[in-house]
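One letter stands for each residue in the lines below.
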Number of protein chains: 2
Amino acid sequence: MSVVTIERKVLQKNDTLAAANRERFASNGLLVLNIVSSPGAGKTTLLEATIEQLRDRARIAVVEGDVQTDLDAQRVAKYGVPVVQIVTNGGCHLEANLVADAVGSLDLDQVDLLLIENVGNLVCPANFDLGEAMKVVVLSTAEGADKPLKYPAMFRKAAVLIINKVDLLPYVSVDVAEIRRHALQINPYLVIFETAATSRLGVTEWCDWLVAKLTAGHA
Amino acid sequence: MSVVTIERKVLQKNDTLAAANRERFASNGLLVLNIVSSPGAGKTTLLEATIEQLRDRARIAVVEGDVQTDLDAQRVAKYGVPVVQIVTNGGCHLEANLVADAVGSLDLDQVDLLLIENVGNLVCPANFDLGEAMKVVVLSTAEGADKPLKYPAMFRKAAVLIINKVDLLPYVSVDVAEIRRHALQINPYLVIFETAATSRLGVTEWCDWLVAKLTAGHA
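Not measured: the values here are computed from a predicted model.

Draft legend 1. The interface of chain B and chain A, seen in detail. In this complex, chain B contributes 35 residues to the contact, which on the side of chain A involves 35 residues. Where chain B abuts chain A, roughly 2,700 Å² becomes buried across the two surfaces, and 67% of that area is made up of carbon and sulfur atoms. The largest contributions to the chain B side of the interface with chain A come from B:Pro39, B:Lys150 and B:Tyr171, which together make up 21% of the buried area. The tally of links between chain B and chain A comes to four salt bridges.

Draft legend 2. Geometry of the environment of A:Ala197. Residue and element names in this part refer to chain A. Its location among the elements puts alanine 197 in the loop between strand E7 (191–194) and helix H8 (203–215). Residues alanine 197 and aspartate 167, spaced 30 residues apart in sequence, show a C-alpha to C-alpha distance of 9.3 Å. With sequence-adjacent residues up to four places away left out, alanine 197 is seen in contact with Thr45, Leu46, Ala49, Asn164 and Val203.

Draft legend 3. Expanded view of the relation of the copies chain B and chain A. Superposition of chain B onto chain A requires a rotation of 180° combined with a translation of 0.0 Å along the rotation axis, giving an RMSD of 0.0 Å. Seen this way, the second copy is the image of the first under a two-fold rotation axis.

Draft legend 4. Looking closely at helix H8 (residues 203–215) of chain B. Residue and element names in this part refer to chain B. Between its terminal C-alpha atoms H8 stretches 18 Å, which fits the 18 Å expected from 13 residues at 1.5 Å a residue. Those residues of H8 lying buried are Val203, Trp206, Cys207, Leu210 and Leu214. For H8, the angular spread of the buried residues around the axis is 95°, confining them to a single face. Looking at the buried residues of H8, the elements they touch are strand E1 (31–37), helix H2 (43–54), strand E4 (113–117), strand E5 (134–140), strand E6 (160–164) and strand E7 (191–194). After H8 finishes, the residue glycine 217 shows a positive phi value of roughly 65°.

Conventions adopted
- Throughout, residues of each chain are indexed from 1 in the direction in which the sequence is written.
- Here chains are named by letter from A upward and ligands by number from 1 upward, in the order in which they appear as written.
- Local features in a predicted model are, by the rule used here, given only for residues with pLDDT of at least 70; side-chain atom pairs are given and counted only at 80 or more, and totals for whole chains, interfaces and linings are based on all residues.
- Each side-chain value is derived from all of the structure's non-hydrogen atoms; neither hydrogens nor water enter the calculation.
- Residues count as neighbours in contact if any of their non-hydrogen atoms are within 4.5 Å of one another.
- Put simply, buried area is the surface a 1.4 Å probe can reach on two separate parts but cannot reach once they are joined, added for both.
- For this analysis, a salt bridge means a side-chain nitrogen from Lys or Arg found within 4 Å of a carboxyl oxygen belonging to Asp or Glu.
- Comment: elements are numbered from the N terminus, with helices defined as DSSP H or I runs of at least four residues and strands as E runs of at least two.
- Superposing copies: least-squares fit, C-alpha atoms only, residues required to have pLDDT of at least 70 in both.
- To estimate how far a helix should extend, the number of its residues minus one is multiplied by 1.5 Å.
- Only protein chains enter the accessibility calculation, which uses a 1.4 Å probe; a residue is then buried when its area is under 20% of its type maximum, exposed when over 50%, and partly exposed in between.
- Here the arc refers to the set of directions running from the helix axis out to each C-beta atom.

Here it is as structure tokens:
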């Protein structure tokens, strides 16, 4: 049995489990986001800002995925929402079965919005469906405008692109219009937001869009 | 045959090929660096700065690894050194056999320093030896000080840490002393440089260290 065959089987098994997750989330009326990015693009800060803005408007829970440590879960737990940490122990992405196990400890009837923070990796998580309604890819302006072209799979599979750390634009030789152009070249359906999550800039626009999705029943 | 067994076999096979690469590089008196980082940490700019400083002191060649595009190879080729591009087509890391194929098109007798730029990924490339003398991990200050703790394997396996984009320190809430402390907590043997590759800050210190390695026969 070749390695390629094994890989295909792993992905098929994951897709089956992801479909089961998706059905379970739908029956609970949950909106589930799979938040992906390179390490250090600002996923956790964006989560904090999102929870801060939305916790009075929606019941939120978080699944944190990390290669090591529960540092991010500790950060998010301070905001008073339920958090489950998955430590992959070297694993480069979350898989549907890990998420199924993690949400087992949550009361999903008491949750409207489930935010899954994936491992920081712009490559591997693109291949693993978790049963989410959509992937949200976060790109820091400091990473440069060529990233959608160089890591196209993630941008192709995402529904939303959040261009984060726009407050650094004066100090990096990156053109945000070029990021947008490259991203839309890979995926013309991307909904794009610009944020500086640390100072909460642009977070309201993103959160209002999310609330509209929640209200519309994730249509 | 389980997935874990297959993974172990893949790694074993890679280690065998990496050992062959290492022997080949040694017989040619080559110093080979495997340069790794998250996407957008500044590997390519660091390469450009390094070539600029060292091309009169050493014969340099480059192997560029990318998921897609030859944008980086185009950038490096402008500096007049031989470049071979490996496009992994979705693959999240370079492997020893890809490097063996790539260097087949170089005249290694005419090279002193081979710089391999890996795929932007702080997780997977840690497991795949390419036959290099050392891994050099590049971390952008914009990524935050917790990265060595959250992605420890790469920092454990690297000999050198280059903290890049130090020019952004006034604009990000990151303490470079904390990056150092976390990195040395994971790997006390790390040699650490601080650079701003775009403005060439700190590049001389790094290049002088490299020249000393070259002169010492990579001891």
